[in-house]
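Structure at a glance
Here's the letter readout for the chains.
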Amino acid sequence: MMSNEDHKYDADSLEKNQLDVGVHVVADGRHKFDVASIDLVQRRLKQRHVQMIAIAGTLGTGLFLGSGKALSGAGPLGALIAYALVGSVAYSSLCSIGEMTSHAPISGTFPHFAARWVDPALGFAVGWNYFYTNVITVPVEITGAQILITYWDSNPNHAGIYTAIIIVFACATNIFGVRYFGEAEFVFSIIKLTMITGLILVGLIIDLGGAPDHHRLGFQYWKNPGTLAGAQLEPQHVSLDRFLGILNVLVQASFSFQGMELVAIAASETESPRRNIAKAVRRVFFRILVFYILGIFITGLIVPYNDPNLLQSTGTAAQSPYVIAMANAGIKVLPSIINAGVMTSAFSAANSFLFCSSRILYGLALRGQAPKIFSKCTNSGLPLVAVAFSSVFALLALMNIKSGSATVFNWFVNLSTVGGFFGWGSINLTYIFFHRGMKHQGIDRTKLYYWNRLQPWLSIWGLCWCIFFILINGFEIFWDFTAAGFLTAYINIPLFFGLYFGWKFVKKTEIWKPEEMDFVTGIPTPEETEGPYYPPVGFWQKLAAILF
């Protein structure tokens, strides 16, 4: 299966400094690890694009609107625990994919890493599962954006028009090329960062008594109605019910974090990817701490978890806990501004998931795990066929206009809910194999542009929790069991393993041993990917370097 060459890597052959490697392991050509001759995407995303995508790429309706549902479901302390735990799993996943991408900033990203260092069958299963998860989320976000428009225009006859317009803009942004995608996400990220920062500050002002009613809240709502809410599944057993409430919010909170790996998926189209991805990943911890953990903490201070307005499911800014808090405090706010910001977030998410799904499909096609036609690129480096095919799924948003079709659409959506957990889990599992292979072959990973001293324990932590999330995803169904509910909650598990064992049976793949792992073939050297570094000069350049 493998061949060895008895020579050392020369200086900088893999990374920025010397990597001490005992043997040069090269995979058999049938695995198609070296696709440089047919991989025609171009590095057009600049540093500022990548940094803003990393900081705000996944800030969306899950945080702006979903935080209210989390608060009512588990209480302020329960929601804080859930978001902190899921945040730690998201962080471990991004650290893992960040280190692997620092070594191999190539098309195909983590599905290819799984095929390359764990088992080709795992790469196939992860790739198609992740493609489906992302491509079906595109119409979900488009539908979310359309619902937000009903805040201004509730005429149901206009829903189809608005949905079609959003579809056209989301698809056009991707079809015009990665540079336009980068610029769009740069602008959207600034809007989202400005809004979440403003909302956190306003929430803090309300809590400290700076609102028109001058009522200082402090931790009032932590005392009454309390810190923990129940799931209302076991009302006779209060402690158990509160625990189930936290479990329920764990699953919900994870959806607010998923998609953080977008920055690594874009590595093959990023200028100086090793340096820029490393910089982006190092900032993730603070991003999670400030925007997610601090955000949910402030939410728990300014709105009681039993506020009836939290139970609304309007899909507009009216259900945002910040808007509820402003109304309770007598602030004459323009909810339209928040609604517009949240709508921008929903559109941005649709834009990003369309980008992700097309690049995953392109990466699979490059290595023979998807039809070859999806690897076709334009002269400007756009995988047009993959983008066009992924864009077709956006039309599923039109199904929500009719109630009968909406039921079918929601069934498709439920099938994909576990997909993100499989994505994170596979990233962490692949890193464990990657770490073991690097160590066995004598490669010094501390010479990579990015590495984390907490590994491999971070990836083990992330993998264990991802397995847990997958298993509890539909636990509520066991209190009111229906066959349809059980299938939609758990059908993705046999589908995933069906993909894995199906490809394994057809292609007769094997799990890679540490001495067989190929850390060289098809991986560009730093001289090929990294441009010259120019340190910032003057106040404005240094400020831009901090922000971007």
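Whatever comes next refers back to the structure up there.
First things first, this report covers the structure right here in the doc. (Residues numbered from 1 in each chain as written. Predicted model: local features only at pLDDT ≥ 70, side-chain atom pairs only at ≥ 80, totals over all residues. Heavy atoms only, no water.)

This part is about the overall build of the chain. Looking only at helices and strands, the chain has 21 helices and two strands in total. Taking all 548 residues of the chain together, the buried fraction comes to 58%. Expressed as a percentage of contacts within the chain between residues at least 6 apart in sequence, the contacts between residues at least 24 apart total 81%. With the model as given, the accessible surface of the chain reaches about 22,400 Å², and the carbon-plus-sulfur share is 66%. (Helix = DSSP H or I, 4+ residues; strand = E, 2+ residues; numbered from the N terminus. Buried < 20%, exposed > 50% of the residue type's maximum accessible area, 1.4 Å probe, protein only. Contact = heavy atoms within 4.5 Å. Areas by Shrake-Rupley, 256 points an atom, 1.4 Å probe, with all protein chains shown as cover.)

With that settled, consider the state of the cysteines. Linking two cysteines covalently through their sulfur atoms gives a disulfide. Enumeration according to the criterion identifies zero disulfides in this entry. Cys466 takes part in no disulfide bond, and the closest cysteine sulfur, belonging to Cys464, lies 9.4 Å away. (Disulfide = S-S within 2.5 Å.)

With that settled, the discussion passes to the pattern of salt bridges. Within the structure shown, the criterion is met by seven salt bridges. Among the salt bridges present, the one from Asp518 reaches Arg116, with a minimum N-O distance of 3.8 Å. Of this pair, Asp518 sits in the loop between helix 19 (492–507) and helix 20 (526–529) while Arg116 sits in helix 4 (residues 109–117); the two residues are 402 residues apart in sequence, bridging distant segments of the chain. Looking at Asp518, the relative accessible area reads 1%, which means it is buried. Put simply, Lys504 and Asp119 hold a salt bridge, and the shortest N to O gap is 2.6 Å. Separated by 385 residues along the polypeptide, Lys504 in helix 19 and Asp119 in the loop between helix 4 and helix 5 (120–149) bring together distant segments of the chain. Exposure remark for Lys504: the relative accessible area of 21% places this residue in the partly exposed category. (Salt bridge = Lys/Arg side-chain N within 4 Å of Asp/Glu carboxyl O.)

Among the secondary structure elements, Tyr91 is positioned in helix 3 (residues 66–103). Placed 191 residues apart in sequence, Tyr91 and Arg282 show a C-alpha to C-alpha distance of 9.9 Å. Leave out the neighbours within four places in its chain, and Tyr91 touches Val284, Phe285, Ile288, Asn452 and Leu458. A polar atom in the side chain of Tyr91 sits 3.5 Å from the side chain of Asn452. (Polar contact = N/O pair within 3.5 Å; in protein donor to acceptor, adjacent residues only side chain to side chain.)

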